Amino acid sequence: ASVPALVTGTGYGGAVTALRLAQAGVSVEMVEMGRSWDTPGSDGKVFSSLLSPDHRAYWLRTRTKQPLSNFLGFPIDRNVTPYTGVLDAEEFSGITIYQGRGVGGGSLANGGMAVTPRQSRFSQILPTVNAAEMYATYYPRANATLGVNHVDQTWWEQSAYYKYARVGRKHAQRSGLEFVMVPNVYDFEYMKKEQAGTAPKSALLPEVIYGNNAGKRDLSKTYLAQAKATGKVRISALHEVVDVRPAAGGYTVTIREINTSGQTVATKTVTAAKVFFAAGSVGTSKLLVKLRATGALPGLNDEVGRGWGDNGNIMVGRANHMWDATGAKQSSMPTGGIDHWDVGGAFAEVAPIPAGIETYASLYLAITKNPNRARFTYNAATGRVDLDWTTAMKQPAITMAKSIFDKINKKEGTIYRTDLFGPAKTWGDTFTYHPLGGAVLDKATDNHGRLKGYAGLYVMDGSLIPGNTTVNPFVTITALAERNIERIVATDF
Ligand code: FDA
């Protein structure tokens, strides 16, 4: 078989690529290692619940690995049957990298926070990209197509489900810190109906990270739905790209078909004139580093594998006083954050603690300016790709997060919670939700994502971004892909 364009992965980068190629008249073959999340399980729901995750929650693990691993000091993980579930907790040295798996990539698992960075900070993210163009054209295009919306402020001010967020705002403001509302792709009008009892609950159940059974505009409802409607895009789920090498007419791509237990059921090859890597920062980096080392693509340059960062992710909980109850009811979709970037190097979103009971705690996921970067390398002895990250590399993130939370604790007379990430452990410093980099723009690729050394090979996902976006990353990944594919369609087809 021979196709004009093959896209590896169906997350943000892949979905943008497929839609814009199809609209330009190009037939697109999309290859996705995860399943298509469109069929309900025996409980009538597509996705597993958050508070009692089952096999659908995790990618091929025998035991869950929940980001909040402990509660009141007790571990809460449980055994599950290995299955091609929606959230991968992929373990590297010193860090667990959470990623979405399935048709829609990270959009299936994530919290939907759709944040455009401040333009004044854009040059810190992508110094070789024309910022004026991004803010005039590509960010607006990304936000519109993703279906980004703002919560109705009047409703938010009174909803019991956002009490935790209002407590977070109060504490920030009492310490003189700037609190900002942030948009989301979750349909806030739908959420109102959940609260009113006129629609099945998802965010208010709460559901997140193992998938939302309603309400969230994940990519299968936006970019991928539009792409399919062109009639020019085919998606093969439970298919993993394992090899790409030059051949007459383009590249031979080897694909492993798996079942939901992760076993290989078939191996296929296809020739593609052009191959787009959109397997996510980790997926694309692993593939390219291995293909360079094993001789399939030896001409990839030394930048491939470099520049990986965790977007400065760090999590922490604070204990509140009895009069600052955060509520047993909490919406899973975060709506606000503390912007202390310019002063302390941290942007901390106020996150829910979806325990279903009053916890008297505030939880935060901070994005920090942590400058540490790691590198992916191929390990010939194990046949795997390693990442040289260490837990100590999170220290700058802790220092930056403390610029916010030491201040709030001092003002409020409160302390850090030490029961959420392990026994007597304050900082959630062993994981990230926001992997970025590994095939950085204008280094591993040219300034539009064309891989150096190979005409017809492209990188379209979060691997292009050098480790940090100052905010949650998917709007920037989407906008950058919009910018790059517009140029590629105009000049390479
Ligand atoms: P993405 O990871 O989305 O897609 C890559 C796809 O490729 C996946 O579907 C994967 O299965 C597939 N793949 C990988 N290797 C393959 C191979 N060899 N062959 C075939 N397919 C392959 N961001 C944000 O902005 N706001 C938020 O609120 C959150 N919240 C959040 C919560 C949680 C729990 C997670 C895990 C993540 C977030 N994020 C987030 C991060 C966000 O989801 C992430 O940055 C993007 O999904 C990355 O988009 P990409 O296009 O780079 O890859």
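Above this text you will find the structure in question.
The present account deals with the structure reproduced in this document. Since the model is a prediction, treat every value here as computed from it, not as a measurement. (Residues numbered from 1 in each chain as written. Predicted model: local features only at pLDDT ≥ 70, side-chain atom pairs only at ≥ 80, totals over all residues. Heavy atoms only, no water.)

## Overview of the sheet that holds strand β19 (residues 431-432)
Turning to step 1, where the next piece is worked out: If you trace the three strands from one edge of the open sheet to the other, you get β5-β6-β19, paired in mixed fashion. Only two strands of the sheet have a single neighbouring strand rather than two, namely β5 (87-92) and β19.
Turning to step 2, where the next piece is worked out: The pairing of strand β6 (residues 95-100) with β19 spans two bridges and is parallel. When the sheet's bridge partners are listed, T96 is paired in β19 with F431.
Turning to step 3, where the next piece is worked out: Contacts from helix α8 (residues 280-293) reach β5 and β6 within the one sheet, and its direction differs from that of β5 by about 50 degrees. (Pairing = 2+ DSSP bridges. Helix = DSSP H or I, 4+ residues; strand = E, 2+ residues; numbered from the N terminus. Contact = heavy atoms within 4.5 Å. Axes fitted to C-alpha atoms, helices over the stretch in contact; angles between N-to-C directions.)

## Looking at the site of the ligand
Turning to step 1, where the next piece is worked out: Near the ligand lie 38 residues; those nearest to it are E32, G106, M113, G462 and F474.
Turning to step 2, where the next piece is worked out: Separating an oxygen atom of the ligand from a backbone N or O atom of G112 is a distance of 3.3 Å.
Turning to step 3, where the next piece is worked out: For the ligand, whose free accessible area comes to 1000 Å², the fraction covered by protein is 95%.
Turning to step 4, where the next piece is worked out: Residue assignment for the shell around the ligand shows that the elements contributing at least two residues are α1 (12-23), β6, β9 (239-247), α8 and α11 (474-492).
Turning to step 5, where the next piece is worked out: Taken together, the residues that form the shell around the ligand break down as 16 nonpolar, 18 polar and four charged. (Near = heavy atom within 4 Å. Polar contact = N/O pair within 3.5 Å; in protein donor to acceptor, adjacent residues only side chain to side chain. Areas by Shrake-Rupley, 256 points an atom, 1.4 Å probe, with all protein chains shown as cover. Nonpolar A, V, L, I, M, F, W, Y, C, P; charged D, E, K, R; others polar.)

## Overview of the packing of aromatic side chains
Turning to step 1, where the next piece is worked out: With the rule as written, the count across this model stands at 18 aromatic pairs.
Turning to step 2, where the next piece is worked out: Residues Y98 and Y433 carry aromatic rings whose centres are separated by 5.7 Å and whose planes lie at 75 degrees to one another, so their mutual orientation is edge-to-face. Of this pair, Y98 sits in strand β6 while Y433 sits in the loop between β19 and β20 (457-459), placing them 335 residues apart in sequence.
Turning to step 3, where the next piece is worked out: Given a relative accessible area of 5%, Y98 falls into the buried group.
Turning to step 4, where the next piece is worked out: Of the aromatic side chains, those joined through ring pairs into one cluster are F92, W308, F376 and W389.
Turning to step 5, where the next piece is worked out: Here R35 stacks its cationic end above the ring of W37, 4.1 Å away from the centre of that ring. (Phe/Tyr/Trp six-rings, centres within 6.5 Å; stacked < 30°, edge-to-face > 60°. Buried < 20%, exposed > 50% of the residue type's maximum accessible area, 1.4 Å probe, protein only. Lys NZ or Arg CZ within 6 Å of the ring centre and 35° of its normal.)

## Things to note about the packing of α1 against α11
Turning to step 1, where the next piece is worked out: Remark: α1 packs on α11, axes separated minimally by 9 Å, with the N-to-C direction vectors making an angle of 35 degrees. Handedness of the α1/α11 crossing: right-handed. Two secondary-structure elements touch here, α1 through Y12, G13, V16, T17, R20 and L21 and α11 through F474, I477, T478, A481, E482, I485 and V489.
Turning to step 2, where the next piece is worked out: Counted by class, the contact of α1 with α11 contains eight nonpolar, three polar and two charged residues. (Left-handed = near helix turned anticlockwise from the far one by under 90°.)

## Considerations on the pattern of salt bridges
Turning to step 1, where the next piece is worked out: The final tally for this structure, using the stated rule, is 32 salt bridges.
Turning to step 2, where the next piece is worked out: The partner of R234 in a salt bridge is E29, and the shortest N-O contact between them spans 2.8 Å. Highlighted residues: R234 in strand β8 (residues 233-236) and E29 in strand β2 (residues 28-31), separated in sequence by 205 residues.
Turning to step 3, where the next piece is worked out: E29 sits in the buried class, given a relative accessible area of 13%.
Turning to step 4, where the next piece is worked out: It is possible to trace a salt-bridge network through shared partners that takes in R118, R121, E178, D339 and D342. (Salt bridge = Lys/Arg side-chain N within 4 Å of Asp/Glu carboxyl O.)

## With respect to helix α5 (residues 163-174)
Given 3.6 residues to a turn, an α-helix orients residues that are three or four positions apart in the same direction.
Turning to step 1, where the next piece is worked out: With 12 residues, α5 ought to run about 16 Å at 1.5 Å a step, and its terminal C-alpha atoms sit 16 Å apart, in line with that.
Turning to step 2, where the next piece is worked out: Here α5 has its buried residues at Y164, A165, R166, V167, G168, R169, H171 and A172.
Turning to step 3, where the next piece is worked out: Two residues or fewer after α5 comes G176, characterised by a positive phi angle close to 75 degrees. (Expected span 1.5 Å × (residues − 1).)

## Comments concerning the packing of helix α3 (residues 131-146) against α11
Turning to step 1, where the next piece is worked out: Here α3 crosses α11 at 115 degrees, and the two axes come no closer than 8 Å. Crossing angle aside, the handedness with which α3 passes α11 is right-handed. Within the contact between the two elements, α3 uses M134, Y138, Y139, R141, A142, N143, T145 and L146 and α11 uses F474, V475, T476, T478, A479, L480, E482, R483 and E486.
Turning to step 2, where the next piece is worked out: The class makeup of the residues in the contact of α3 with α11 is nine nonpolar, four polar and four charged.

## Examining the side chain of T17
Turning to step 1, where the next piece is worked out: Here T17 is to be found in helix α1.
Turning to step 2, where the next piece is worked out: Those residues within four positions of T17 in sequence are excluded, and the remaining contacts are V7, F276, M460 and I485.

## Focus on helix α6 (residues 188-196)
Turning to step 1, where the next piece is worked out: Taken together, the buried positions of α6 are F188, Y190, M191 and E194. Buried residues along α6 cover an arc of 145 degrees about the axis, so they all sit on one side.
Turning to step 2, where the next piece is worked out: Turning to α6, the residues buried within the fold contact α4 (153-158).
Turning to step 3, where the next piece is worked out: By the N-cap criterion, in which a side-chain oxygen at the helix start approaches the backbone nitrogen of a residue two or three places on, α6 is capped by D187, the distance to E189 being 3.0 Å.
Turning to step 4, where the next piece is worked out: Phi turns positive one or two residues past the end of α6, at G197, with a value near 80 degrees. (Arc of directions from axis to C-beta.)

## Focus on the side chain of R292
Turning to step 1, where the next piece is worked out: Relative to the assigned elements, R292 resides in helix α8.
Turning to step 2, where the next piece is worked out: Among buried Asp, Glu, Lys and Arg side chains, R292 stands out as unpaired, with D302 the closest opposite charge at 5.0 Å.
Turning to step 3, where the next piece is worked out: Each residue touching R292, except ones within four places of it in the same chain, is listed here: L297, P298, L300, N301, D302 and V304. (Lys, Arg positive; Asp, Glu negative; His and termini not counted.)

## Brief notes about the pairing of strand β14 (residues 346-351)
Each regular strand shows side chains that alternate between the opposite faces of the sheet.
Turning to step 1, where the next piece is worked out: Counting buried positions along β14 gives six out of six residues, so the element sits mostly inside the fold.
Turning to step 2, where the next piece is worked out: Of the two faces of β14, the one carrying A346, A348 and V350 and the one carrying F347, E349 and A351 are both buried.
Turning to step 3, where the next piece is worked out: Two elements, strand β13 (residues 336-340) and β14, share four bridges in a ladder whose sense is antiparallel. Bridging from a neighbouring strand, H340 pairs with A346 of β14.

## As for the pairing of β5
Turning to step 1, where the next piece is worked out: In terms of burial, β5 is largely enclosed, as five of its six residues are buried.
Turning to step 2, where the next piece is worked out: Bridge count for β5 against β6 is six bridges, and the pairing is antiparallel. Paired with A89 across the two strands is Y98, which belongs to β6.
Turning to step 3, where the next piece is worked out: Hairpin geometry of β5 and β6 is characterised by an intervening segment of two residues between the two adjacent antiparallel strands and by a positive phi of about 80 degrees at G94.

## As for unusual backbone geometry
Turning to step 1, where the next piece is worked out: Between L205 and P206 the backbone carries a cis peptide bond, its omega angle lying at 5 degrees.
Turning to step 2, where the next piece is worked out: The backbone of N311 sits at a positive phi, close to 55 degrees, despite the residue not being glycine.
Turning to step 3, where the next piece is worked out: Taking relative accessible area as the criterion, N311 reaches 0% and is therefore assigned buried.
Turning to step 4, where the next piece is worked out: In this structure, Y360 takes a positive phi of about 50 degrees despite not being glycine.

Honestly, that's just the spatial picture; any functional story needs more than this.
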